[in-house]
Amino acid sequence: VLAGLVFETSGLKAVKKFLGEGKSPIFEQGRRDGWLTGKWRENYFACADFRGPTPGPPPQFQKGWGICFGAHGLGVPYKDWLKVFGSPEVDALHESLNIQYSVCGPINGKVSTDLSGGGVGVLHVTKSFKDTARFDAAFNEIKPKISRAASSTARS
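The sections below set out a description of the structure shown in this document. (Residues numbered from 1 in each chain as written. Predicted model: local features only at pLDDT ≥ 70, side-chain atom pairs only at ≥ 80, totals over all residues. Heavy atoms only, no water.)

A few points about the environment of Val6
This is how it is decided: The way it works is that DSSP assigns letters per residue, a run of H or I at least four long becomes a helix, a run of E at least two long becomes a strand, and they are numbered from the N terminus. Summary of the burial criterion: residues with accessible area below 20% of their type's maximum are buried, those above 50% are exposed, and those between are partly exposed, where the area comes from a 1.4 Å probe applied to protein chains only.
Within the element layout of this structure, Val6 appears in the segment before α1 (12–19). Of the residues examined, Val6 reaches a relative accessible area of 78% and is grouped as exposed. As a C-alpha pair, Val6 and Ala46 span 40 residues in sequence and 9.4 Å in three-dimensional space.

Next comes the structure, spelled out in structure tokens:
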């Protein structure tokens, strides 16, 4: 289960309290009912930049769309990674995988469970679950290329 909340940075303390590291009554019930399994993860990122057919955040999600979140550490400044993320090559990749919208920004490493050292978080919205699965498979191949390109951008 992937759940996402959009909130003002000033609300972080209240959100953390509500989620309770996955121990709030609703999540405990979910574990008993079987719809919440696996390791509890909380990753927070600033929604700083957007990609899509129109400027700004994506519209309200529609039934049938696929959604995936990914986070990874950066060996370069976020602004250098963003230049690569907005490149024609990445545009073509997004188009080939039916990624309609993306939201990205720096990870808050102080409160995230997976990237305590910071990095980048990206939420991708695709046309279907199948497209999301294709993206997940393709990402493992392209991640090293994007990381190398961002490192090259940072050095120039």
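Picking up where we left off.
Quick look at the packing of aromatic side chains
The cut-off we apply is this: Classification of ring pairs rests on two measures: the distance between centres of Phe, Tyr or Trp rings, Trp counted by its six-membered ring, which must be within 6.5 Å, and the angle between planes, read as stacked under 30 degrees, edge-to-face over 60 and tilted in between. Throughout this description, the term charge over a ring refers to an Arg CZ or Lys NZ atom that lies within 6 Å of the ring centre and within 35 degrees of the ring normal.
Going through the model one piece at a time under the given rule, you end up with eight aromatic pairs. Pairing Phe61 with Trp65 gives two aromatic rings, centres 6.3 Å apart and planes at 55 degrees, and the pair type is tilted. Plain terms: the ring middles of Phe135 and Phe139 are 5.7 Å apart, the flat faces sit at 40 degrees to each other, and that makes the pair tilted. Placement of the pair is Phe135 and Phe139 together in helix α5 (residues 129–155), with a separation of four residues, close to one helical turn. On the basis of relative accessible area, Phe139 is assigned to the partly exposed category, the value being 23%. Feature note: the residues Phe61, Trp65 and Tyr101 constitute an aromatic cluster, connected by ring pairs. The lysine or arginine in question, Arg51, covers the ring of Phe85, its NZ or CZ lying 5.0 Å from the ring centre.

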